[in-house]
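A structural walkthrough
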Amino acid sequence: MKAILHIGQSKTGTSALQACLAANRACLRAQGVVYPDAAIWRLPTCLLSHNALGDAVAGRQVYPYLTVEKWVSQISAQLRAPGMDRLILSAEHFFGGEPRVWDMQGEEAYFTAYCAKLVALKQLLIRCGCDAVEAVVYLRNQQDWLRSSIAHTIRFQLLHAASDVYRDDLQYFTMVRPLLRYGALLDCWAEVFGAASIRAIPYHPTALVGGDIRRDFAERAGLRGVSFIAGGEANRTLSAEFLAVKAMLNGQARAKDAERVVIACLDSLSRRQGAGRRYPMDPAILPALRDLAEPENAHVNARYMVPGTRLELPTLIHDPTVTDAEFARAMAAFREEFATPKYRFMYLKIRMKSWLRNRASPAHAVLRQLALVGRRVAG
């Protein structure tokens, strides 16, 4: 049995690819490929990714709160169906996720815990009957990834267990240095799974089949007849002026459900009114970022990149900062929008979903199934 692992990296179109793979589960099964779902009381949860599995092998259980033993049991059962000969798992939390850099005391401790996670993942795959493993990773230029990661963290800051994950760009860059050391991370994978099992591809349209990660992965994994309608653009970041608003709002403590409503409001405003500008990362960190990236990328290019592709160095692009007037307009738009009744009803709906998810998981799974059926009928 062969396992193909799509291991990320985050911010490389992973959500779109995972939505596509999940929507094509029946098509994949017809060609002997299992893209496993998780079940609660035998009710499918319709998970798009396997991030929960990636966290489970690192010792942390998140929804749907399955232990490693239960993951092994459920994946093995799906692989035992007649004609199944390949397993595909997709999780950016394989490449990142747990252990979290902000929980570690230094890079050595981080990489020790990281390698331990990979050993546990290998043991899980062996127990599921997989005797061959291929890991596919899409790598984004370090400057682009860091900018996107900062924007993502500001957007979701108050949903983190540690709400001070981001304080400023320099602090964040210093903290996430291990995540930018692509060569060192892939060396951990090579140590556990073998260097020959790793295929690294630059996340750039010119390096992707059809300029699309979904088509590229399908081609590299040998998947046939996959529909690419499912899994479009997802998780677009906030425009720079609304990120500035969110950074200001992060100074006010809120419960997580209330925070989700704030994020939804800013997402809506950014789509409708945003200027579409990227987060203006502090240019003072760019030289240090390039110095970090240069040896890492040279190592990746020499050892792990697929033939004919190359991971380039950061280009040191400076993005314009948000002016006081732009910030004032964005904040006024947020206050006006957030005061509408729509967001009061949204808060009640999110509260109910959170309660069901955490206290009545089977009921949550049933409602999720009904919602999916409703979307199929409507579509």
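Presented here is a report on the structure given in the accompanying data block. (Residues numbered from 1 in each chain as written. Predicted model: local features only at pLDDT ≥ 70, side-chain atom pairs only at ≥ 80, totals over all residues. Heavy atoms only, no water.)

1. Some words on the sheet that holds strand S7 (residues 198-202)
- Strands sit in the order S2-S5-S1-S6-S7 across an open sheet of five strands; the sheet is parallel. Strands at the two margins of the open sheet, each flanked by one partner only, are strand S2 (33-34) and S7.
- Note: S2 against strand S5 (residues 86-90), two bridges, orientation parallel. The residue bridging valine 33 from the neighbouring strand is arginine 86, located in S5.
- In the packing of helix H10 (residues 182-193) onto the sheet, the strands contacted are strand S1 (2-6), strand S6 (132-139) and S7, and the crossing angle to S6 comes to about 175 degrees. (Pairing = 2+ DSSP bridges. Helix = DSSP H or I, 4+ residues; strand = E, 2+ residues; numbered from the N terminus. Contact = heavy atoms within 4.5 Å. Axes fitted to C-alpha atoms, helices over the stretch in contact; angles between N-to-C directions.)

2. Here's the deal with the packing of aromatic side chains
- Within this structure, the stated rule accounts for seven aromatic pairs.
- Between phenylalanine 334 and phenylalanine 338, the aromatic rings sit 5.2 Å apart at their centres with planes inclined by 20 degrees, giving stacked as the arrangement. With phenylalanine 334 and phenylalanine 338 both in helix H15 (residues 324-338) and four residues apart, the pair spans about one turn of that helix.
- The buried category is assigned to phenylalanine 334, whose relative accessible area is 6%.
- The partly exposed category is assigned to phenylalanine 338, whose relative accessible area is 26%.
- Of the aromatic side chains, those joined through ring pairs into one cluster are Tyr110, Phe111 and Tyr114.
- If you follow arginine 344 out to its NZ or CZ, it ends over the ring of phenylalanine 338, 5.9 Å from the centre. (Phe/Tyr/Trp six-rings, centres within 6.5 Å; stacked < 30°, edge-to-face > 60°. Buried < 20%, exposed > 50% of the residue type's maximum accessible area, 1.4 Å probe, protein only. Lys NZ or Arg CZ within 6 Å of the ring centre and 35° of its normal.)

3. A word on empty space enclosed by the protein
- According to the stated counting rule, one finds one cavity of 30 Å³ or more in the structure shown.
- Within this model, the largest cavity holds a volume of roughly 30 Å³.
- Around the largest cavity, the lining residues are Leu17, Cys20, Leu21, Arg214, Phe217, Ala218, Leu223, Val226 and Phe228.
- When residues of the lining of the largest cavity are traced back to their parent elements, those giving at least two are helix H1 (14-23) and helix H11 (213-221).
- Looking at side-chain class alone, the lining of the largest cavity contains eight nonpolar, no polar and one charged residues. (1 Å grid on protein atoms, 1.4 Å probe; cavity = no way out; pocket = protein on both sides within 12 Å on 5 of 7 lines; lining within 4 Å. Points joined across faces, edges and corners; volume = space filled by probe spheres on them. Nonpolar A, V, L, I, M, F, W, Y, C, P; charged D, E, K, R; others polar.)

4. So, the nonpolar core
- Trp71, Leu125, Leu139, Leu146, Leu186 and Trp189 are the most contacted members of the largest nonpolar core, which has 87 residues in total.
- Of the residues forming this core, the biggest block, nine residues, is contributed by H10.
- In this structure leucine 139 touches Gln9, Phe95, Tyr182, Leu186, Ala200, Ile201, Pro202, Tyr203, Val300, Met305 and Leu311, once residues within four positions along its chain are discounted.
- Cys20, Tyr35, Ala207 and Leu223 belong to the second-largest nonpolar core, a separate cluster that totals 21 residues. (Core = buried A, V, L, I, M, F, W, Y, C linked by side-chain atoms within 4.5 Å.)

5. Describing the pattern of salt bridges
- As enumerated under the stated definition, the model contains 23 salt bridges in all.
- The residue arginine 147 makes a salt bridge to aspartate 319 at a minimum N-O spacing of 3.0 Å. Taken as a pair, arginine 147 in helix H7 (residues 142-155) and aspartate 319 in the loop between helix H14 (286-303) and H15 lie far apart in primary sequence, 172 residues in all. No difference in accessibility class separates arginine 147 from aspartate 319, as the two residues are buried.
- With a shortest N-O distance of 3.1 Å, arginine 303 and aspartate 187 are connected by a salt bridge. One end of the pair, arginine 303, is in helix H14; the other, aspartate 187, is in helix H10, with 116 residues separating them in the sequence.
- For arginine 303, a relative accessible area of 44% translates into the label partly exposed.
- You can call aspartate 187 partly exposed: its relative accessible area is 27%. (Salt bridge = Lys/Arg side-chain N within 4 Å of Asp/Glu carboxyl O.)

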